[in-house]
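So the chains spell out like this:
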Amino acid sequence: MRDLDLLRLERRVGQMLVPLAETPGASVGVARDGMLLLRRSAGLASLELHAPIGVPTTFRIASVSKQFTCAAILMLARDGLLRLDDGLGTHLPWLPPALGAVTLDQAMRNCGGLRDVLELARLGGADLATPVTEAELDALIARQEGLNFAPGTRFLYSNTGFRLLGQVVERVARQSLATFLERRIFGPLGMTRTRHTPDLSVPVPGLATGYLPDGAGGWRRAPHGFPLGGEGGLVSGVEDLALWARCLSLGTLQSELEGMIEETAPFANGAMNRYARGLEVENWRGLQTVSHGGLWPGYKTAFLRVPERRLTVLVITNNASLDPHHMALQVLDAALQGDPALRPPPPHVPAEGIAGTWLCAEAGLSLDIDADLLARMHGVPFTLIPGEDGRLVARRGAFPFHVAPPRDGVLEVEMDAGQMLRFRRAEAAPLPALDGDWHCAELGARWHIEGAALHAHGPLRNAGPWRLSALSPRHLRVHMPSVLFEGWADAVLAADGRSLVVNTARTRGLVFERR
């Protein structure tokens with residue numbers, strides 16, 4: 001990159017960071033050909049101390065940790081201590097049979113069908129701010145008798161798989177995940193500001209405080225109650241993640257690591273799973289990108305590489321109102337300006353008639369889309385942007401979603417593995433008679449319903465009242481407040497009124513029976 005190109009890039013990034021001067025902020029890094037071309041920060045690591053974000057500042061990088069867990073598994077496979085086609089139960093014999101049969105490789109690729117333990121806890125009344133122990137999370141996993149789908153057939157993001165992979169590392173290596181990562185990755189690469197921190201109550205030097213908007217123009221400290229394992233326990237910063245990206249490009253730990261960690265594989269039906277091993281592989285304006293995002297209360301991260309250009313963009317923030325993935329794409333656009341391989345952005349996609357609430361009765365899923373193309377499934381927000389195939393796509397990592405404008409009152413959405421769902425408009429409907437107790441054996445939870453109010457009594461904690469609404473005589477929404485967003489579960493009432501089948505963003509087919 002010529003000096004004037006670098007100057008232009010620095011100024012573009014500087015303009016992006018100007019609004020963060022007196023708020024929780026962000027760090028941005030751009031690396032290329034083994035050089036850290038740009039490292040800029042703005043905003044405050046601590047509002048209470050008015051301490052600015054600086055070079056030593058670290059952040060919780062949440063799910064960006066997953067690629068390191070996968071790297072540990074790949075290293076142990078190379079050491080001959082495990083095989084990627086081992087079932088999880090080979091190393092974790094306490095798992096129920098259906099979960100134990102999921103292979104290590106399927107868990108790394110989010111195609112094993114494992115229900116997400118964080119959402120299992122939430123359905124039982126424990127949000128991410130609720131104090132929960134490692135043993136309680138494992139007990140929730142051990143209750144599961146079924147899966148979201150047959151292993152290898154579909155994609156659904158699951159923190160459970162990576163939590164279990166971290167435990168496999170510890171069992172096979174006979175040391176903690178923190179020790180393994182430090183000895184095999186962080187130490188050799190000079191990543192001295194990166195560490196695995198399973199207990200969030202332990203102080204970490206240099207760690208920025210995570211903040212959430214308070215709804216009144218101010219901020220509040222983000223609460224944390226859950227322990228973190230192989231699914232998201234790392235603290236790191238821009239410089240250390242740049243060192244890791246360089247390692248992937250140059251193969252400085254083991255020559256085949258980059259190829260294996262970024263290698264995609266098809267589903268059982270032949271459709272390609274774009275989620276590799278702890279990383280997402282996509283095409284962006286004609287170039288292949290390898291990326292992952294991280295989200296934890298008060299923290300967000302974007303890790304984005306363009307391998308064929310040996311280019312890495314990093315955005316990490318302690319400001320929950322920011323969208324680091326969008327910021328990273330803006331930085332990438334500036335860094336690649338003038339690249340002959342870079343195609344123009346996709347043209348505008350007409351979206352008349354797309355706003356509203358939509359229901360796919362067959363799948364038991366509902367969808368909201370605002371006029372400004374902000375969509376929500378189960379309350380999780382994502383922006384719809386033009387895709388290269390003439391449809392709208394989700395600007396949200398690890399979430400396959402392609403939608404065309406509605407035709408004849410039907411909204412066709414392509415999800416994972418080429419699955420096509422047909423949504424139709426939904427309107428508010430009267431609630432059916434639901435009063436009483438509903439039990440879910442796989443959660444060990446009881447829901448008590450009176451009118452439109454639901455109280456959750458789970459194995460970990462109690463919560464409520466949660467509000468109930470209906471989109472049809474049998475399709476309900478269970479509105480569950482969250483520290484991250486206002487979420488909901490979709491629940492389908494059986495024709496005989498005796499059971500509810502509950503679906504969330506990362507769990508499917510949980511059954512609550514009326515008692």
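Residues numbered from 1 in each chain as written. Predicted model: local features only at pLDDT ≥ 70, side-chain atom pairs only at ≥ 80, totals over all residues. Heavy atoms only, no water.

Chemist: For this particular structure, what's the right way to read the overall build of the protein chain?
Modeler: A tally of helices and strands in the protein chain yields 12 helices and 31 strands. Over its C-alpha atoms the protein chain spans a radius of gyration of 23 Å, differing by no more than 12% from the 24 Å that the globule rule assigns to 515 residues. Dimensions of the protein chain along its principal axes, counting C-alpha atoms only, are 70 × 55 × 50 Å. Split into buried and exposed, the 515 residues of the protein chain put 56% on the buried side. Across the protein chain, every contact between residues at least 6 apart in sequence was considered, and the portion connecting residues at least 24 apart equals 61%. Carbon and sulfur atoms make up 53% of the accessible area of the protein chain, which totals about 20400 Å². In the protein chain, which carries 52 positive and 54 negative side-chain charges, the distance between the mean positions of the two groups comes to 2 Å. (Helix = DSSP H or I, 4+ residues; strand = E, 2+ residues; numbered from the N terminus. Rg over C-alpha atoms; globule rule 2.2 N^0.38 Å. Buried < 20%, exposed > 50% of the residue type's maximum accessible area, 1.4 Å probe, protein only. Contact = heavy atoms within 4.5 Å. Areas by Shrake-Rupley, 256 points an atom, 1.4 Å probe, with all protein chains shown as cover. Lys, Arg positive; Asp, Glu negative; His and termini not counted. Charge placed at Lys NZ, Arg CZ, Asp CG, Glu CD.)

Chemist: Help me understand the packing of helix 7 (residues 134-142) against helix 8 (residues 159-173) in this model?
Modeler: Geometrically, a packed helix pair is captured by the angle between its two axes and the distance between the axes. Interaxial distance between helix 7 and helix 8 falls to 12 Å at its minimum, and their mutual angle equals 115 degrees. Remark: the crossing between helix 7 and helix 8 carries left-handed chirality. Here helix 7 contributes Glu-134, Leu-137, Asp-138 and Ile-141 to the contact with helix 8, which in turn contributes Thr-160, Arg-163, Leu-164 and Gln-167. Across the contact of helix 7 with helix 8, the residue classes tally to 3 nonpolar, 2 polar and 3 charged. (Axes fitted to C-alpha atoms, helices over the stretch in contact; angles between N-to-C directions. Left-handed = near helix turned anticlockwise from the far one by under 90°. Nonpolar A, V, L, I, M, F, W, Y, C, P; charged D, E, K, R; others polar.)

Chemist: Would you take a moment to explain the packing of aromatic side chains for this structure?
Modeler: One pass over the full model with this rule turns up 9 aromatic pairs. One aromatic cluster is present, built from ring pairs that chain together Phe-68, Phe-186 and Trp-244. Above the ring of Trp-284, the side-chain terminus of Arg-285 is found at 5.3 Å from the ring centroid. If you follow Arg-396 out to its NZ or CZ, it ends over the ring of Phe-399, 4.0 Å from the centre. (Phe/Tyr/Trp six-rings, centres within 6.5 Å; stacked < 30°, edge-to-face > 60°. Lys NZ or Arg CZ within 6 Å of the ring centre and 35° of its normal.)

Chemist: Please clarify how the environment of Pro-381 should be interpreted in this entry.
Modeler: Take Pro-381: it is sitting in strand 19 (residues 380-386). A relative accessible area of 39% means that Pro-381 is categorised as partly exposed. Separated by 51 residues in sequence, Pro-381 and Gln-330 have C-alpha atoms that sit 20 Å apart. Contact partners of Pro-381, with chain neighbours within four places excluded, come to Leu-374, Ala-375, Arg-376, Arg-396 and Phe-485.

Chemist: I would appreciate a short explanation of unusual backbone geometry in the present structure.
Modeler: Most peptide bonds take the trans configuration, and most residues that are not glycine carry a negative phi. The peptide bond linking Gly-464 to Pro-465 adopts the cis configuration, its omega dihedral lying at 5 degrees. Structurally, Pro-465 is set in strand 27 (residues 462-470). Phi at Arg-174 takes a positive value of approximately 60 degrees, unusual for a residue other than glycine. Position of Arg-174 among the secondary structure elements: in the loop between helix 8 and helix 9 (177-189).

Chemist: Would you mind showing me how to read the nonpolar core here?
Modeler: Within soluble globular proteins, side chains that are nonpolar tend to cluster in buried spots. Counting 109 residues, the largest nonpolar core has Leu-88, Ile-185, Trp-244 and Trp-447 as its most contacted members. Of all the elements, helix 2 (residues 66-78) adds the most residues to this core, at 8 residues. In contact with Trp-447, other than residues within four places in its own chain, are Leu-123, Gly-436, Asp-437, Trp-438, Leu-454, His-455, Ala-456, Trp-466, Val-478, Val-502 and Phe-512. Counting 27 residues, the second largest nonpolar core, distinct from the first, contains Val-30, Val-313, Val-331 and Leu-342. (Core = buried A, V, L, I, M, F, W, Y, C linked by side-chain atoms within 4.5 Å.)

Chemist: I tried to follow the sheet that holds strand 1 (residues 26-32) on my own but got confused; where do I start?
Modeler: In any sheet, the strands associate via hydrogen bonds between backbone groups, in a parallel or an antiparallel arrangement. Strand order in the open sheet formed by 6 strands is 2-1-15-14-13-12, with antiparallel pairing between adjacent strands. Of all the strands in the sheet, just strand 2 (35-42) and strand 12 (280-284) have a single pairing partner and so form its edges. On average, adjacent strands in this sheet sit at an angle of 20 degrees to one another, irrespective of strand direction. Relative to strand 2, strand 1 is paired through 7 bridges, and the arrangement is antiparallel. Note that in strand 2 the partner of Val-30 across the bridge is Leu-38. (Pairing = 2+ DSSP bridges.)

Chemist: Please clarify how the packing of helix 2 against helix 9 should be interpreted in this entry.
Modeler: For the pair helix 2 and helix 9, the least separation of the axes is 11 Å and the interaxial angle reads 90 degrees. By the criterion of interaxial angle, the relationship of helix 2 to helix 9 is roughly perpendicular. In contact with Phe-68, Ala-71, Ala-72, Met-75 and Leu-76 of helix 2, helix 9 contributes Phe-180, Leu-181, Arg-184, Ile-185 and Phe-186. When the residues that make up the contact of helix 2 with helix 9 are grouped by side-chain class, the tally is 9 nonpolar, no polar and 1 charged. (Parallel < 35°, antiparallel > 145°, perpendicular 65-115°, else oblique.)

Chemist: Explain the pairing of strand 17 (residues 365-369) here, please?
Modeler: Side-chain direction in a regular strand flips from residue to residue, so the side chains alternate between the two faces of the sheet. Among the 5 residues of strand 17, 5 are classified as buried, and the element is accordingly described as predominantly covered. Of the two faces of strand 17, the one carrying Leu-365, Leu-367 and Ile-369 and the one carrying Ser-366 and Asp-368 are both buried. In terms of strand pairing, strand 16 (residues 356-360) meets strand 17 through 5 bridges, oriented antiparallel. Note that in strand 17 the partner of Leu-359 across the bridge is Ser-366. Linking strand 16 back to strand 17 in an antiparallel pair, the connection comprises 4 residues, with Gly-364 at a positive phi of about 70 degrees.

Shape descriptors only; they carry no functional weight alone.
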